[in-house]
Amino acid sequence: MSAIDYSEKIPNNVNLSEDRALQRALEHWQPNYLQWWNDMGPDGSHGFDVYLRTAINTTPEGWAQFGHVKMPDYRWGIFLAAQDQERKVHFGEHKGEAAWQDVPGEHRANLRRIIVTQGDTEPASVEQQRHLGLTAPSQYDLRNLFQINVEEGRHLWAMVYLLHKYFGRDGREEAEALLHRNSGDQDNPRILEAFNEETPDWLAFYMFTYFTDRDGKFQLCALAESGFDPLSRTCRFMLTEEAHHMFVGESGISRTIQRTCEIMKQHGIEDPEQVRRHGVIDLPTIQRYLNFHFSVTIDLFGADQSSNAATFYSSGLKGRYEETKRTDDHVLKGDHYRILEVKDGKLVEREVPMLNSLNEVLRDDYIKDSVAGINRWNKVIEKAGLAFRLHAPHKAFNRHIGSFSGLRVSPEGQVISEAEWQTHVRSWLPTEEDRAYVASLMGRVIEPGKMANWIAPPSIGINRQAVDFDYVRFN
Ligand code: BYC
């Protein structure tokens, strides 16, 4: 079951050829997908041969094969992790029942909504990143961008397969709509806010892949627990691909910081203006980008109190992060969770029913994971002997979803007035000048092994290749 059949028009490990109607429907969607890729995918890249990994089976060991591929010829397909015949629903009111191989009628609308929301983010990110290839800081980075883009394309395939196979006509219509909404489109935008923001430069790209792809990790982990087994199996395989995306973000920021620190040490300077004169990104600008991407991404977990989240959990559709490792009753009725809210101009804790707080539970798990990487970035600064430290802003800072939306809160967590916000916001969030400065550094570097001035080289190449390997052949 885990081997992938590449002789088919749509590579798959789900015996697609045994279901002719489904196969025909997906083969009908395929050219529309390719059209979308040509129109909205990586700009100007269609003739390049890119050193990409392609899945060959879905086992944890050795599922990836590397080789030069033209991106439009990449074999997007349908790959599910192997089925466990004994698998049960692990949580909610159906706990202990056999996992569902089909969609339970009463949960159909909610499941479709979750799958569509997940599916919508995947092509959105490709659209957000489509111009970045024109300003890549190295061939190595260009290859990583393209790897991420083709895999996000495959993650769209993953959700479209579920829509086509399990949701009939509605599912087919939703699959079409996934190609018609576009990131940032005035009339037909992507569903979630963060996916309508631009990813205008490579610092934003690394922040996005560190923070926002990590939302992907947490949401996919929660969906991998689903009682709907095909969703669980597809998310489990998607997670193996997701790890590289977060690595690109974490190492990209780390290399940026390293280069900045080298320049600061070499010239004995700390003033951001002086640092900029050497063509690297000053640490306060990195902090402002971090504040922006962190706050926009934690909005993606939804409202802190959500009856949707309670329903998704109780009906067995979406679990918690590492649900099966937790030792409570996995039903959570009568359990409580402490959330923050504003009282008399201050943030105070309040105990509320756990089931309604599950978005907040996942957000808190996410925050812990994100902060760990920020600490690793600080180690780079510390090693250079510099006093500056990066911090995650308070979770109430710059929020647009949930009970903090409409409030003004400083990165340290003080509730402040609109006037105070306006006084300080330029030191908390990237300004137009910051973005223009970062944009001014973005020039395309494509000689093998060469790096743009603002970023340090990676410590190792991809798949144990040298850093100066020809990752992209431009033809
Ligand atoms: N922006 O009850 P609530 C990834 C809406 S990333 C705009 O809290 P719920 C990736 C919400 O729809 C992972 N609107 O919502 C990363 C609802 O609207 P209605 C993507 C928002 O349902 C990088 C209303 O506000 N996967 O894979 O509990 C690259 C009330 O909110 C937002 C998923 O998200 C927002 N940020 O929670 C590529 C998993 N937040 O119904 C890929 C699937 C909320 O009142 N999605 N709203 O009109 C879900 O589980 C849930 O839909 C959410 C929202 C957690 C997102």
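So, here is what we can say about the structure in this document.

Quick notes on the rules
- Residues numbered from 1 in each chain as written.
- Predicted model: local features only at pLDDT ≥ 70, side-chain atom pairs only at ≥ 80, totals over all residues.
- Heavy atoms only, no water.
- Near = heavy atom within 4 Å.
- Polar contact = N/O pair within 3.5 Å; in protein donor to acceptor, adjacent residues only side chain to side chain.
- Areas by Shrake-Rupley, 256 points an atom, 1.4 Å probe, with all protein chains shown as cover.
- Helix = DSSP H or I, 4+ residues; strand = E, 2+ residues; numbered from the N terminus.
- Nonpolar A, V, L, I, M, F, W, Y, C, P; charged D, E, K, R; others polar.
- Contact = heavy atoms within 4.5 Å.
- Axes fitted to C-alpha atoms, helices over the stretch in contact; angles between N-to-C directions.
- Parallel < 35°, antiparallel > 145°, perpendicular 65-115°, else oblique.
- Buried < 20%, exposed > 50% of the residue type's maximum accessible area, 1.4 Å probe, protein only.

1. Here's the deal with the site of the ligand
Inference 1: Around the ligand, the structure places 30 residues, and the nearest of them are Arg113, Gln118, Ala303, Ser306 and Lys318.
Inference 2: Glu193 places a polar main-chain atom, nitrogen or oxygen, 3.0 Å from a nitrogen atom of the ligand.
Inference 3: In this structure, Ala303 approaches the ligand through a main-chain N or O atom, which is 2.5 Å from an oxygen atom.
Inference 4: For the ligand, whose free accessible area comes to 1100 Å², the fraction covered by protein is 81%.
Inference 5: Elements with a contribution of two residues or more to the shell around the ligand: α2 (108-128), α5 (202-224) and α9 (307-314).
Inference 6: Top contributing element to the shell around the ligand by residue count: α2, with seven residues.
Inference 7: Residues of the shell around the ligand, tallied by class, amount to 11 nonpolar, 11 polar and eight charged.

2. Thoughts on the side chain of Gln147
Inference 1: Along the chain, the position of Gln147 falls in helix α3 (residues 139-166).
Inference 2: At a separation of 2.8 Å, a polar atom in the side chain of Gln147 contacts the side chain of Glu151.
Inference 3: Setting aside residues no more than four positions away along its own chain, Gln147 makes contact with Tyr51, Leu52, Arg53 and His244.

3. Remarks on the packing of α2 against α9
Inference 1: The interhelical angle for the contact between α2 and α9, taken along N-to-C directions, is 110°, at an axis separation of 11 Å. Taken together, the axis directions place α2 and α9 in an arrangement best described as roughly perpendicular. Two secondary-structure elements touch here, α2 through Asn110, Arg113 and Ile114 and α9 through Asn308, Thr311 and Phe312.
Inference 2: Grouping the amino acids of the contact of α2 with α9 by side-chain chemistry returns two nonpolar, three polar and one charged.

4. Section: the environment of Ser307
Inference 1: Inspection of the secondary structure assignment puts Ser307 in helix α9.
Inference 2: Given a relative accessible area of 52%, Ser307 falls into the exposed group.
Inference 3: The spacing of Ser307 and Asn356 is 49 residues in sequence and 5.5 Å in space, taken between C-alpha atoms.

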